[in-house]
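If you want the building blocks of each chain, they are given just below.
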Amino acid sequence: MKTLIVYAHPEPKSLNSSLKDLAVSTLETAGHEVRVSDLYAMNWKAVVDATDYGPDASSPLKVALDSGRAFDAGTLTPDVLAEQEKLLWADTIIFQFPLWWYTMPAILKGWVDRVFTYHFAYGVGEHSDTKYGERFGEGTLAGRKALLSVTVGGPESHYAARGINGPIDDLLFPIHHGILYYPGIEALPPFVLYGADRVTDEDYTDVAKAWEQRLLTLESTEPIAFRRQNFGDYEIPSLHLKEGLEPAGRTGFGLHVRG
């Protein structure tokens, strides 16, 4: 297995850093190849602008079209090209980050904004009466799996079905479904560590065991069963889920998960 770890935390002595290092050692010991993108250490540029697209930037800037033109021409900046190459190399991607303000850190979102360019991660495939592009289960990054390893400050009860912060699966849905599954990457159930700010050295022993177990079972873990866009579950072009496919009482994001 070839695994890319995209890591986003500014403190090298953080819990996130320990989980990242443990992932590297566990997977390498098990015989897997591992590469790491440490975004803060790389001083990753998080903001999309015209410099990303060089001579293919238009005026006024059109981010989607310009990014696709630069991708096609091979004129994206070297840092973006390097990350795209890592994604194509990997068959598994681990995203290690803290949940800040209900989402990923800005530097990681900026990695997505710049690396997932038009024609590389989206905007591919035919649009017809039966297909609406190759996305949500198809696409240029299909055949890969991804795991979110997320540290959360609050207790698990705050992120339960009736918790004040909302279910953790709902909070992570935009990442799982909208960022990963959109270009074809299958999302594995996340590894979520609650109460991260209060984890003691004694607690970490159990955390490490649980994390190692998840890492060593990545290849056998079933992904979240999101519905594929072009395989009969959705009306095209409205992309509404067909009537009668939803389990009784299910609404919201859960409509897009089979079973």
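Everything quoted here is computed from the prediction, not taken from an experiment.

A.B. asks: Please set out the environment of Glu 126 residue by residue, giving values where relevant.
C.D. replies: The residue Glu 126 is located in the loop between α4 (106–115) and β4 (145–151) in this model. Expressed as a C-alpha distance, the spacing of Glu 126 and Gly 154, which sit 28 residues apart in the sequence, is 44 Å. In contact with Glu 126, other than residues within four places in its own chain, are Lys 131, Tyr 132 and Gly 133. A distance of 2.9 Å separates the side chain of Glu 126 from the side chain of Ser 128, its partner in a polar contact.

A.B. asks: Just give me the short version of a nonpolar patch on the surface, but keep the residues and values in it.
C.D. replies: Residues Trp 100, Trp 101 and Tyr 102 make up a contiguous nonpolar surface patch of roughly 430 Å² in combined accessible area. Summarising the element assignment, Tyr 102 is placed in the loop between β3 (92–98) and α4. Accessibility expressed as a relative area gives 41% for Tyr 102, which makes it partly exposed.

A.B. asks: Got a sec to walk through the packing of helix α1 (residues 15–29) against helix α6 (residues 201–216)? Specific residues and values, please.
C.D. replies: In a pair of packed helices, the angle between the axes and the distance between the axes together describe the arrangement. Where α1 contacts α6, the axes come no closer than 10 Å and their chain directions differ by 45 degrees. Considered as vectors, α1 and α6 are oriented oblique to each other. The two elements α1 and α6 meet at a crossing, and its hand is right-handed. Contacts between α1 and α6 pair Leu 15, Ser 18, Leu 19, Leu 22, Ala 23, Thr 26 and Leu 27 from the former with Tyr 204, Val 207, Ala 208, Trp 211, Glu 212, Leu 215 and Leu 216 from the latter. When its residues are assigned to classes, the contact of α1 with α6 shows 11 nonpolar, two polar and one charged.

A.B. asks: Provide a residue-level description of α4, including the pertinent values.
C.D. replies: Summarising burial for α4: seven of the 10 residues are buried, a large majority. Along α4, the residues that are buried comprise Ile 107, Leu 108, Gly 110, Trp 111, Val 112, Arg 114 and Val 115. Where the residues of α4 are buried, they touch β1 (2–7), α3 (78–89), β3 and α5 (168–181).

A.B. asks: So, the pattern of salt bridges: which residues are in play, and what are the values?
C.D. replies: Overall, the coordinates contain 12 salt bridges when judged by the stated rule. For Asp 52, the salt bridge is made with Arg 114, and the minimal N-O distance between the two is 3.0 Å. Of the two residues, Asp 52 is situated in the loop between β2 (33–38) and α2 (63–73) and Arg 114 in helix α4; the sequence distance between them amounts to 62 residues. Within the structure, one salt-bridge network assembled from shared partners comprises Lys 45, Asp 49, Asp 52, Asp 79 and Arg 114.

A.B. asks: I'd like a description of the pairing of β2, backed by residues and values.
C.D. replies: Relative to β2, β1 is paired through six bridges, and the arrangement is parallel. What sits directly across from Lys 2, in β2, is Glu 33. Where the polypeptide runs from β1 across α1 and back to β2, its parallel neighbour, the crossover connection is right-handed.

A.B. asks: Tell me about the side chain of Asn 230, and name the residues and values.
C.D. replies: Looking at the secondary structure, you find Asn 230 in helix α7 (residues 229–233). A distance of 2.8 Å separates a polar side-chain atom of Asn 230 from the backbone oxygen of Gly 133. Leaving out residues up to four positions away in the same chain, Asn 230 has contacts with Thr 130, Lys 131, Tyr 132, Gly 133, Glu 134, Glu 138 and Ile 236.

A.B. asks: Would you mind going over α1 in detail, with residue names and values included?
C.D. replies: Here α1 is 15 residues long and its end C-alpha atoms lie 21 Å apart, about the 21 Å a rise of 1.5 Å per residue gives. For α1, the complete set of buried residues consists of Leu 15, Asn 16, Ser 17, Leu 19, Lys 20, Leu 22, Ala 23, Val 24, Thr 26 and Leu 27. Where α1 is buried, its residues touch β1, β2, β3, β4, β6 (191–193) and α6. Of the residues trailing α1, Gly 31 is marked for its positive phi of about 95 degrees.

A.B. asks: Go over empty space enclosed by the protein with me, naming the residues and quoting the values.
C.D. replies: Leftover empty space is mapped by rolling, across the atoms, a probe with the size of a water molecule. In this structure the tally under the stated criterion is one cavity of 30 Å³ or more. What lines the largest cavity is simply Phe 95, Phe 97, Met 104, Leu 108, Val 112, Leu 148, Ile 175, Ile 179 and Leu 180. For the lining of the largest cavity, the secondary-structure elements that each account for two or more residues are β3, α4 and α5.

A.B. asks: Describe the nonpolar core, listing the residues and the values that go with them.
C.D. replies: One broad rule of soluble globular proteins: the nonpolar side chains tend to lie buried together. Counting residues in hydrophobic clusters, the biggest one holds 45 residues, and the most contacted among them are Ile 93, Phe 95, Phe 97, Leu 108, Trp 111, Phe 116 and Ile 168. The dominant element in this core, judged by the number of residues it contributes, is α5, at eight residues. With residues up to four places along the chain from it excluded, the contact list for Trp 111 reads Val 6, Leu 39, Trp 44, Glu 83, Leu 87, Phe 95 and Phe 116. If you look at the next biggest cluster of nonpolar residues, it comprises 21 residues, including Met 1, Ile 5, Leu 188 and Ala 196.

About the cut-offs
Residues numbered from 1 in each chain as written. Predicted model: local features only at pLDDT ≥ 70, side-chain atom pairs only at ≥ 80, totals over all residues. Heavy atoms only, no water. Helix = DSSP H or I, 4+ residues; strand = E, 2+ residues; numbered from the N terminus. Contact = heavy atoms within 4.5 Å. Polar contact = N/O pair within 3.5 Å; in protein donor to acceptor, adjacent residues only side chain to side chain. Patch = residues over 30% accessible without salt bridge, like charges linked within 9 Å, V, L, I, M, F, W, Y side chains within 5 Å. Areas by Shrake-Rupley, 256 points an atom, 1.4 Å probe, with all protein chains shown as cover. Salt bridge = Lys/Arg side-chain N within 4 Å of Asp/Glu carboxyl O. Buried < 20%, exposed > 50% of the residue type's maximum accessible area, 1.4 Å probe, protein only. Axes fitted to C-alpha atoms, helices over the stretch in contact; angles between N-to-C directions. Parallel < 35°, antiparallel > 145°, perpendicular 65-115°, else oblique. Left-handed = near helix turned anticlockwise from the far one by under 90°. Nonpolar A, V, L, I, M, F, W, Y, C, P; charged D, E, K, R; others polar. Pairing = 2+ DSSP bridges. Right-handed = clockwise from strand over helix to strand, strands pointing away. Expected span 1.5 Å × (residues − 1). 1 Å grid on protein atoms, 1.4 Å probe; cavity = no way out; pocket = protein on both sides within 12 Å on 5 of 7 lines; lining within 4 Å. Points joined across faces, edges and corners; volume = space filled by probe spheres on them. Core = buried A, V, L, I, M, F, W, Y, C linked by side-chain atoms within 4.5 Å.

Limitation: the analysis is restricted to geometry and does not speak to function.
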